[in-house]
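# Commentary on secondary and tertiary structure
Here's the letter readout for the chains.
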Amino acid sequence: MGVRTRALTAAALVVFTGALTLATPAAAADAAAPGAPGADVPNQPPALGQVFNGFVVGAFQDGRMATRSEFSRGLDANDPFYAEPKLTGAEKPGTLLKWERVDVQFTGFRPGNVDAYKLMYVTTGLHGDKQISTGILMIPRDGRDNADRTLVGYQMANDAVGGYCHPSTMWTGGDPADGASWSALGPLALMFGKGMAVMSTDIGNDGSLAPHSPFAGKFAGHANLDGLRAALALPPAGLNKHAPIGEFGIAGGGVGAAFAAEQAAEYAPELNIKATVLEGMVVDERNFMRVANGSVGSGFAFATLLGLEPSYPEMKLDEKLSPLGRTVADYYRTQCQTPAYFTLPYVPLGALFKGGQNPADIPDFQAVYDDNLLGTRAPKSKVLVASCAADDSPMSLVPAADSRNLVAQYRAGGTDVSYQPTDCSMTRMLTNLYGWGTDLFGMQTVEWLDANTRG
């Protein structure tokens, strides 16, 4: 995840519930009505009425608790939907292989007025090979014509390497404790309130028990773009194939969203991507390894390497691990991020590698870091970067300068970039928990995304 320490997780539970109920006078001032629609909409925390908007209130009123069997079924990691058909090799990227109407279920609650579909579709690996990914499309049922909706590709703050740990499982009753889904509640509430359809990719087949590769940025970008193609092709959804599209990526998902924005003009030029929000993402994996080493985010840094290796087997990670590192790796590869990746706070990464090596310096990893460096292409869509303004918080594990450098590279390439950094300091957390918390989840950017995808 990066600037947010990949810690939009356990902290998310405290911040989301506490911040919304303990808003201070400073928070109320921050949460004033948004500016007029347009490219220069300023970032500011949403007012409580925007979060608990009419649609959200109705979703609670018309929702219900799951039955015991529904709750158990949501937790069952044996969904036959994920069985893969055999590919011929002739399928085009974005080909919809199958779909299934599902009920959204989170922590045993089934909100009303949301149409949802699990999708399985074709995407492209790093070397042009055809691969299969799954994902979930969610559409608010609010009386609007689906053909008039904005479609958002939402890449969540999800770093899990294990199977059944990704959006299509999270939103249908599985992995209920994962902070990635908790951190998405606020942004989703705002997006649904604005009538947006939301597509989230699993970056691979969520039902596969083989290690997943969420950190391979180019693959994640492909899976994102092909998920949007599949969503637009889904017959019952009725979305307009020319619908305005927004990309929204935060923390771990910010890397995939950024690569999607960078690759779109060449890989999926038919998609009408108008605006991209990037927050808290790792710009340079090598820098992340150096800064996260021995920090509260050590476990997430190690998981990053495990989530790169499936796409880069040349890393030969197991050959480089110490006995402790191999034990941790074998465990992490089968797990969702919460609580597993919180088990190594402040552990030096050298303890996991033979000879105490720093993974930032291991020769076999250098080409992988280079291949995942953001900024090599300039997105054609408008871009908002809203990462931490300074390195003044334990939540900041990637230098703020990395985001500023990315903004400069995009601008030099001709991208229309709005740089609106956030105050991630502990001082703000203590004096304005509401503003600090909603910024942590990217909720302050949804107004900008809406303004720049309309029309």
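Residues numbered from 1 in each chain as written. Predicted model: local features only at pLDDT ≥ 70, side-chain atom pairs only at ≥ 80, totals over all residues. Heavy atoms only, no water.

The subject of this paragraph is the overall build of the protein chain. What the protein chain contains, in helices and strands, is 19 helices and eleven strands. By the compact-globule yardstick of 23 Å for 455 residues, the protein chain fits well, its C-alpha radius of gyration being 20 Å. Structurally, the protein chain occupies a C-alpha span of about 60 × 55 × 50 Å along its principal axes. For the protein chain, with 455 residues in total, the buried portion stands at 60%. A fraction of 79% describes how many contacts in the protein chain between residues 6 or more apart in sequence connect residues 24 or more apart. Carbon together with sulfur atoms contributes 57% to the accessible area of the protein chain, which is approximately 16,100 Å² in total. (Helix = DSSP H or I, 4+ residues; strand = E, 2+ residues; numbered from the N terminus. Rg over C-alpha atoms; globule rule 2.2 N^0.38 Å. Buried < 20%, exposed > 50% of the residue type's maximum accessible area, 1.4 Å probe, protein only. Contact = heavy atoms within 4.5 Å. Areas by Shrake-Rupley, 256 points an atom, 1.4 Å probe, with all protein chains shown as cover.)

This part is about the pairing of strand E9 (residues 273–279). Note on strand geometry: in a regular strand, side chains alternate between the two faces of the sheet. Counting buried positions along E9 gives six out of seven residues, so the element sits mostly inside the fold. This β-α-β element, strand E8 (residues 245–250) to helix H9 (residues 252–267) to E9, shows right-handed connectivity. Note that E9 and strand E10 (residues 382–385) share four bridges and pair parallel. Note that in E10 the partner of Thr 276 across the bridge is Val 383. (Right-handed = clockwise from strand over helix to strand, strands pointing away. Pairing = 2+ DSSP bridges.)

Looking at the protein chain as a whole, the pLDDT averages 90, with 91% of positions reaching at least 70. Residue range residues 1–38 is modelled with pLDDT below 50. Its contacts to residues more than four positions away, or to other chains, number 113 contacts. (pLDDT = per-residue confidence, 0-100.)

Further remarks concern the pairing of E10. Note that E10 and strand E11 (residues 417–419) share three bridges and pair parallel. Its bridge partner lying in E11, Val 385 is registered against Tyr 419.

We now examine the packing of helix H8 (residues 217–233) against H9. Interhelical geometry of H8 versus H9 gives an angle of 70° and a closest axis separation of 7 Å. The angle between H8 and H9 falls in the class roughly perpendicular. As H8 runs across H9, the sense of the crossing is right-handed. Listed contacts from H9 to Gly 217, Lys 218, Ala 220, Gly 221, His 222, Asn 224, Leu 225, Asp 226 and Arg 229 of H8 are Val 255, Gly 256, Phe 259, Ala 260, Gln 263, Ala 264 and Tyr 267. Among the residues forming the contact of H8 with H9, the class breakdown is seven nonpolar, six polar and three charged. (Axes fitted to C-alpha atoms, helices over the stretch in contact; angles between N-to-C directions. Parallel < 35°, antiparallel > 145°, perpendicular 65-115°, else oblique. Left-handed = near helix turned anticlockwise from the far one by under 90°. Nonpolar A, V, L, I, M, F, W, Y, C, P; charged D, E, K, R; others polar.)

Moving on: the pattern of salt bridges. For the coordinates displayed, the defined rule picks out 25 salt bridges. Among the salt bridges present, the one from Asp 115 reaches Arg 141, with a minimum N-O distance of 2.6 Å. Taken together, the residues span a long stretch of sequence, with Asp 115 in strand E4 (residues 114–124) and Arg 141 in the loop between strand E5 (130–140) and strand E6 (151–155) at a distance of 26 residues. Residue Arg 141 is classed as partly exposed on the basis of its relative accessible area, which comes to 44%. Close ionic contact of Arg 144 with Asp 142 constitutes a salt bridge, the shortest N to O distance being 3.0 Å. Assessed through its relative accessible area of 43%, Arg 144 is described here as partly exposed. (Salt bridge = Lys/Arg side-chain N within 4 Å of Asp/Glu carboxyl O.)

Quick look at helix H7 (residues 179–193) now. Relative to the 21 Å expected for 15 residues at 1.5 Å per residue, H7 spans 22 Å between its end C-alpha atoms, a close match to the ideal helical length. Extensive coverage of H7 is indicated by the burial of twelve of its 15 residues. For H7, the full list of buried residues reads Gly 179, Ala 180, Ser 181, Ser 183, Ala 184, Gly 186, Pro 187, Leu 188, Ala 189, Leu 190, Met 191 and Phe 192. The opening residue of H7 is Asp 178, an N-cap whose side-chain oxygen sits 3.1 Å from the backbone nitrogen of Ala 180. (Expected span 1.5 Å × (residues − 1). Polar contact = N/O pair within 3.5 Å; in protein donor to acceptor, adjacent residues only side chain to side chain.)

A separate point is helix H4 (residues 54–61). For H4, the full list of buried residues reads Phe 55, Val 56, Gly 58 and Ala 59. What you see down the axis of H4 is that its buried residues fit within an arc of 165°, all on one side. When the buried face of H4 is taken as reference, the exposed residues oriented beyond 90 degrees from it are Gly 54, Phe 60 and Gln 61. Considering only its buried residues, H4 is in contact with helix H3 (48–51), strand E3 (109–110), E4, E5 and H7. Its side-chain oxygen 3.1 Å from the backbone nitrogen of Phe 55, Asn 53 forms the N-cap of H4. (Arc of directions from axis to C-beta.)

This next bit is on the packing of aromatic side chains. One pass over the structure, following the stated rule, counts 16 aromatic pairs. Between Phe 106 and Trp 171, the aromatic rings sit 5.4 Å apart at their centres with planes inclined by 40°, giving tilted as the arrangement. Here Phe 106, found in the loop between strand E2 (96–102) and E3, pairs with Trp 171, found in the loop between helix H6 (167–170) and H7; they are 65 residues apart in sequence, far enough to count as distant. If you follow Lys 98 out to its NZ or CZ, it ends over the ring of Phe 81, 5.3 Å from the centre. Here the basic side chain of Arg 229 rests over the ring of Tyr 267, its NZ or CZ set 5.1 Å away from the ring centre. (Phe/Tyr/Trp six-rings, centres within 6.5 Å; stacked < 30°, edge-to-face > 60°. Lys NZ or Arg CZ within 6 Å of the ring centre and 35° of its normal.)

Within this structure, the stated rule accounts for two disulfides. The disulfide that involves Cys 165 links it to Cys 336, with 2.0 Å between the sulfurs. When the S-S torsion is -80°, as for the bridge of Cys 165 with Cys 336, the disulfide is left-handed. Placement of Cys 165 in the loop between E6 and H6 and of Cys 336 in the loop between helix H13 (323–332) and helix H14 (337–340) is noted, with a sequence separation of 171 residues between them. Given a relative accessible area of 0%, Cys 165 falls into the buried group. For Cys 336, a relative accessible area of 15% gives the class buried. Each sulfur of the disulfide joining Cys 388 and Cys 424 lies 2.1 Å from the other. As the torsion about the S-S bond is roughly -95°, the Cys 388-Cys 424 disulfide counts as left-handed. Here Cys 424 lies in the loop between E11 and helix H17 (426–431) and Cys 388 lies in the loop between E10 and helix H16 (400–412), a separation of 36 residues in the sequence. (Disulfide = S-S within 2.5 Å.)

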